Structures are given as structure tokens and as C-alpha cells.
Amino acid sequence: MEAFFKTHKYLVEHTDAPVRRNLMDEIDWSDRLIGIKGTRGIGKTTFLLQYAKENFDTNDRRCLYVNMNNFYFQGRGIADFAMDFYNHGGEVLLIDQVFKQQNWSSELRKCYDQCPNLKIIFTGSSVMRLKEENPELCGIVKSYNLRGFSFREYLNLQTGNNIPVYTLDNILANHVEIANEIAKNVDIAEHFNFYLHHGFYPFFLEHRNFEENLLKTMNMMTEVDILLIKQIELKYLTKIKKLLYLLAVEGLKAPNISNLAGEIKTSRATVMNYIKYLSDARLINIIYHPGDEFPKKPSKVMMYNPNLMYCIYPIVADRQDVMETFFVNMLWKDHSVNQGNRDAAYIIDNKLHFHVTSANHIRRTRNSSEQLYATYDLNIGQANKVPLWMFGLLY
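Residues numbered from 1 in each chain as written. Predicted model: local features only at pLDDT ≥ 70, side-chain atom pairs only at ≥ 80, totals over all residues. Heavy atoms only, no water.

## What about helix H6 (residues 151-159)?
Because an α-helix completes one turn every 3.6 residues, residues spaced three or four positions apart along the sequence face the same direction. Listed as buried for H6 are Phe-151, Arg-152, Glu-153, Tyr-154, Leu-155 and Asn-156. Its buried side turned inward, H6 meets helix H8 (188-198) and helix H14 (319-331). Downstream of H6 by a residue or two, Gly-160 has a phi angle that is positive, lying close to 80°. (Buried < 20%, exposed > 50% of the residue type's maximum accessible area, 1.4 Å probe, protein only. Helix = DSSP H or I, 4+ residues; strand = E, 2+ residues; numbered from the N terminus. Contact = heavy atoms within 4.5 Å.)

## Examining the nonpolar core
Phe-327 and Phe-391 are the most contacted members of the largest nonpolar core, which has 136 residues in total. When residues in this core are grouped by element, the largest group, eight residues, is from helix H9 (residues 210-229). The contact partners of Phe-391, leaving out residues within four places of it in the chain, are Leu-168, Phe-326, Phe-327, Met-330, Leu-331, Phe-354, Ala-374 and Val-386. (Core = buried A, V, L, I, M, F, W, Y, C linked by side-chain atoms within 4.5 Å.)

## With respect to helix H7 (residues 168-183)
Here H7 spans only 19 Å end to end across 16 residues, well under the 22 Å set by a 1.5 Å rise per residue. If you look at H7, its biggest bend is around 90°, right at Asn-174. Among the residues of H7, those classed as buried are Leu-168, Ile-171, His-175, Ile-178, Ala-179 and Ile-182. Buried residues belonging to H7 abut H8, H14, strand S9 (345-348), strand S10 (352-358) and strand S12 (385-387). (Expected span 1.5 Å × (residues − 1). Bend = angle between axes of the 7 residues up to and from the residue.)

## Notes on unusual backbone geometry
Here the residue pair Phe-294 and Pro-295 is connected by a cis peptide bond, since its omega of 15° sits within 30 degrees of zero. With respect to the helices and strands, the residue Pro-295 is situated in the loop between strand S6 (284-287) and strand S7 (300-303). Each neighbour pair has its own omega, and for Tyr-313 with Pro-314 the value is -5°, a cis peptide bond. Despite not being glycine, Arg-282 has its phi angle at roughly 60°, a positive value. Inspection of the secondary structure assignment puts Arg-282 in the loop between helix H12 (268-280) and S6. Phi is positive for Ala-383, close to 50°, though the residue is something other than glycine. On the secondary structure map, Ala-383 appears in the loop between strand S11 (372-376) and S12.

Right under this line is the structure:
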């Protein structure tokens, strides 16, 4: 136990989160079992350590961080370790990468039942379905998703500003005033282009090649998260990777399931399952027409965020595709997104109709007062033309 406390102290002392994530204030910390899900490289470990740093002194033995990568846990279950910690005055156990432990969900249930005053906060992959696939946790676990940096978080980090979160309603009603205020101190266009290329994943701050680091992360998502958690045999890994590549280079459109099945030599049903796994891993986004859902064929498949588009060789990051990908990625956090009646049109929350387009294109089309435009190439909008970058202020 002493070795774990020593590691905990070192990690917390050396944690310096570049941006305080908004999720920290959204979580109800009074719950006893809290799961933080998110894709690789998104900052889940830093998030746990930042929580410890904000709430406990580094020498306070009531809080302890452990990582299931430690080989010690191959010989000892989470429940036994948690009981030992609890009996020595422990109150908050932070468990990183919980899915690395066999029978992790039943072990957490034991902790919950046997340690009534112990709070457990754990991290896991976005591929995990905490409640659907782990019935023993239903009713006791509260699940949250940690996302990559929003454009707002990226701007605050790069400029030293403290731009707040805005709701969608607030943006639609006051986007001109908000944009004017932010544009006084920030070069929007320059930062937005940088963000689209490398701003979503926090590791852009590290002194390593961003594209190579992201490619490594993408491979880990498929090799570990999907295969391990979904219990898929290793021999199928190349099919999943090839499918991701094919979807990436085809751009934003409805996938031809039959052609894809032929390309990776598998059935249509398996292709659909693989597409769902890639979506769960936050490698792609699946867009459906209103009322449709899996396992129906998607109306459109796109990469999960624009950063991923610049890592696929040859780079096929069409500007229109990049902008639509950004729009969908930012809206997904708190809103439903469905396909509209045109290629670049989207229906938000089953009521708001957006068209993602350039300012020049709007001038060449009939302007409808009922149509909302998410417009790139504009720093400041007007009326129903909202600058696209402003949807990056939603979290």
C-alpha cells in the first residue's frame, strides 16, 4: 500500500492540467460510484489527478489513485484492495483504466456493497457500455463522458482568456454580440484553423510529432479498446482497420455496405457491427435520418473530429467535410444530430435546421428565414447566419 501512496503523491504533485475541464463542475460528486469514459489521449488520467489535487492534500491518505496497468492487480482483485484501503481510513479511490481488470464490473459491485462510505471514481474506454453490458452496475453507477478540447477550451489555453460556456439558445439569440466581444482580443481565423488541425487532443501540447502521436492513439483504440472490450479475435483486426481507412478516404457520405463488405471480405452484418464499434471508440460519427438508428444503414459517416482527418494518408480533408465534421462533433455533446434534407444540412434536437456552408455560398442561394446557417469564413455573423466557430463555445 505504501508504494501506491508514494506513486499517488508524486503524480498529483506533478499534475498541472493546462485547462480546467468543464466536466469537473458538471459531475455530482456526492455519488458513490462514478465512471468517466472517454477516448484515448483525451486526458482522463489528468482529470482524475486534478480532482485529487483540488480536493485533497497530497499527503492526505483518504484519497488514493491507482492504475490497473500495475501488474499487482493481476494477482489481487479490486474489491480486496479497496477493502484494505477502506479499513485504513480510505474515502475516495481513483481507479484508472478499470477495464484492464478481469471481472471489473462485479468487483466494483462488491466494493459498493461492502464499503458503504467509500467513493470510487474510475475511468474507462468510450467503447464500454457501463449499464447496458454490466447489469450489476445498473442503478448505482453514474456515467460521464470526457471529451477532447472544445474550441473554447483551446482558445482559453492559447490566449489566456476566460471565455465562458454558452448554450445553443444563447448563441442563436446573441451570437453577434458574443462574437464581437471575443473578436476584440482573439484572432479567430488563425486559432480556428490550428484547432481544426491539432486542437482537439490535449497531447498537442507535448513536444512530439502530433500526427504520429495521434496515429499511435488511433491504433491503440482499435488494437486494445475495440478488440479487448468487445472480445474480438486478433485475426479480425486488419479488417477493422481497413474499414476505418476506407470510410475515412471516402469522405462524408452514406456508406455502401455491400462494397465495404466485399473490400474487407466479410458479411454486411459484420460491417455494420464494425461501424458501430468504430463509432463507440470515437473514431467516427454516424448520422441517421430522423427516426432511424442502429442497425439501420446510416445516412452519413464521418470522422469523429477534424484532427483525425489530417492523419489519414493521402490526406483527403476537403474543407467542406472538415467544417461539417467540426459542427457535428461540437453539437453531439448535449444535442441530437440527424441528417437534413440536403448533403450539408442537419437537424438539431428534431427542430432546428442548419446548413453548414461558406458565406459566399449563402449569397448565391435563396435565403430562408427558417433556415439557420452555420457559416465558415465569417468571424462575425448576422441574423440567421451564425459563424461556425461559435459552436465550439458549447462546452
